[in-house]
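# Coordinates in review
In case you want the letters, here they are:
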Amino acid sequence: MVIKVELEGRDFLQVECEGENLQTPGRVLKVDMKGCTEFMEMMQKMKRHFGADLSKWPLPESNDHSSMLLREMILKLRGEWKFPYEEAEVCHCRTVATHTVDQAVIAGAHTPEVVTRQTSASTACGTCRPEVQKIIDYRLGKTPGKVSA
Ligand code: FES
């Protein structure tokens, strides 16, 4: 199974591991990573301190884009990744994809207002705003490993 997390056109982490079930990933077989200097330095530092198995690394507490990508990868490797919104489109009025909102949050949009400015989500009826907030909260580590109803 290959688990990949990425910022489009920027940083990515790709881990190949045994097993086919994301809830019970097996042993890590191969790690590929590519990214900006900050991202690569962070990965090298983590590897030096905690070894090659990403699933054993502590969750990063910062909310820069590198930390968020790494947190996602670690949670996936632990079988604990529970993204709070599973539909492909989060804002139906403006047809904004969940992925678009998520990428905006990873790239630095950490409030609903900034997400709205960057993606147009929540600019009509506003019923998607709580979902946008859940995505922000999850990405910022406010609800790690928990599913919001
Ligand atoms: S569903 Fe997003 S503004 Fe209506």
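Predicted model, so just to flag it, every value in this text is computed and none were measured.

What counts, and at which threshold
Residues numbered from 1 in each chain as written. Predicted model: local features only at pLDDT ≥ 70, side-chain atom pairs only at ≥ 80, totals over all residues. Heavy atoms only, no water. Core = buried A, V, L, I, M, F, W, Y, C linked by side-chain atoms within 4.5 Å. Buried < 20%, exposed > 50% of the residue type's maximum accessible area, 1.4 Å probe, protein only. Helix = DSSP H or I, 4+ residues; strand = E, 2+ residues; numbered from the N terminus. Domains from an automatic or database assignment. Contact = heavy atoms within 4.5 Å. pLDDT = per-residue confidence, 0-100. Axes fitted to C-alpha atoms, helices over the stretch in contact; angles between N-to-C directions. Parallel < 35°, antiparallel > 145°, perpendicular 65-115°, else oblique. Left-handed = near helix turned anticlockwise from the far one by under 90°. Nonpolar A, V, L, I, M, F, W, Y, C, P; charged D, E, K, R; others polar.

## Describing the nonpolar core
Leu13, Leu54, Leu70, Met73 and Val101 are the most contacted members of the largest nonpolar core, which totals 39 residues. Put simply, the parts of the chain that give this core at least two residues each are strand E1 (2–6), strand E2 (12–17), helix H1 (37–50), helix H2 (65–77), strand E4 (89–91), helix H3 (98–106) and helix H5 (129–139). Tallying contributions element by element places H2 first for this core, with seven residues. Residue contributions to this core reach at least three from each of two domains, namely domain 1 (2–77) and domain 2 (89–139). Discounting residues that sit within four places of it in the chain, Val101 has contacts with Val90, Val96, Val115, Thr119, Ala121, Val132 and Ile135.

## Quick notes on the confidence of the model for the chain
For the chain, per-residue confidence averages 90 on the pLDDT scale, and residues scoring 70 or more make up 95% of the total. Note on residues 144–149: pLDDT is under 50 here. Beyond four places in sequence and across chains, it has ten contacts.

## Examining the packing of H3 against H5
Contact geometry of H3 with H5 gives a least axis separation of 10 Å together with a crossing angle of 45°. Taken as axis vectors, H3 and H5 run oblique relative to one another. You can see that H3 and H5 cross each other, and the crossing is right-handed. Taking contact as the criterion, the partners of Thr98, Val101, Asp102, Val105 and Ile106 in H3 are, on H5, Val132, Ile135, Ile136 and Arg139. Of the residues that constitute the contact of H3 with H5, the class distribution is six nonpolar, one polar and two charged.

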